[in-house]
Amino acid sequence: MLKPVLALALLTATPAVTETYAIQLGSRQIGTLETGASALTSTLDNTPLGVADGTFQASVSRVGLDDGSAADQFLGINRGGKTRDISVIRQDGAVRDVTVVPANDATDLSVPSAVPAGVLFPPEVFARLEAAGGCPAPLSMYDGRRVVGISTASSAVVGGETVCEMSYRVTAGKGHLSPFNFKSLNMELAYAGGALSRVTVSAGSFDVNMLRR
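Let me sum up the structure you'll find in this document. Owing to the predicted nature of the structure, the values given are computational and were not obtained by experimental measurement.

1. So, the pairing of strand β2 (residues 28-35)
Strand direction decides the pairing type here: strand β1 (residues 19-25) and β2, joined by seven bridges, are antiparallel. By the bridge assignment for β2, Q24 is matched with Q29. Where β2 meets strand β3 (residues 39-44), five bridges bridge the pair, whose relative direction is antiparallel. Counted as the bridge partner of L33 is S42 from β3. Between the end of β2 and the start of β3, which pair antiparallel, lie three residues.

2. Some thoughts on the state of the cysteines
Here the structure, examined in full by the defined rule, presents one disulfide. Between the sulfur atoms of C135 and its disulfide partner C164 the distance amounts to 2.1 Å. Because the sign of the S-S torsion sets the handedness, a value of about -95 degrees for the bond joining C135 and C164 places this disulfide among the left-handed ones. Within this pair, whereas C135 is found in the loop between α2 (122-131) and β8 (139-142), its partner C164 is found in strand β10 (residues 161-173), the two being separated by 29 residues in sequence. Its relative accessible area of 28% is what places C135 among the partly exposed residues.

How each quantity is defined
Residues numbered from 1 in each chain as written. Predicted model: local features only at pLDDT ≥ 70, side-chain atom pairs only at ≥ 80, totals over all residues. Heavy atoms only, no water. Pairing = 2+ DSSP bridges. Helix = DSSP H or I, 4+ residues; strand = E, 2+ residues; numbered from the N terminus. Disulfide = S-S within 2.5 Å. Buried < 20%, exposed > 50% of the residue type's maximum accessible area, 1.4 Å probe, protein only.

All quantities given are derived from atomic positions and should not be read as evidence of function.
Below, the structure written as structure tokens:
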């Protein structure tokens with residue numbers, strides 16, 4: 001199998017941006033999210049007291065394996081308060097290899113045999129949400145440390161927008177935002193004219209909006 005590519009490769013892989021979202025905490029813009037067909041970059045540069053400032057870059061690309069076959073590789077890199085590099089190889093719908101650096105950030109879902117077939121990587125999931133045109137079909141997301149189930153719980157038309165209340169549950173692996181380890185988040189999508197205009201994610205006292213520019 002292909003040896004995982006060092007996360008440094010992600011720094012040189014910058015696909016064309018298709019959409020930009022302002023990330024807001026209440027009325028305060030704390031950063032931006034840029035998305036492409038197979039990549040996304042989140043930059044937080046104005047969080048309260050700078051405690052959560054940093055970047056997350058993720059990409060999915062088609063790569064060749066040592067046996068001459070091809071596979072999809074997910075690369076994720078966190079920089080800021082937390083430094084973490086993740087590489088995942090997926091072939092024929094199944095995860096074949098996972099590398100997490102530092103190794104103590106790995107979870108029981110960082111073992112390929114523990115990951116269910118058919119999972120999508122974060123850039124692929126966001127691309128699906130953008131392309132859905134309305135409340136999306138169920139999705140299963142994997143980021144190297146956890147599996148998340150995302151599905152539409154209800155929908156309504158509000159002020160000319162289609163608003164989708166989503167179920168977002170960590171079905172296996174570690175929860176989000178250590179030390180809280182949230183296993184379930186409140187998530188709402190809004191579509192205007194068939195385009196994704198807003199994503200709202202809430203958990204505990206956290207309420208973050210991503211607003212398409």
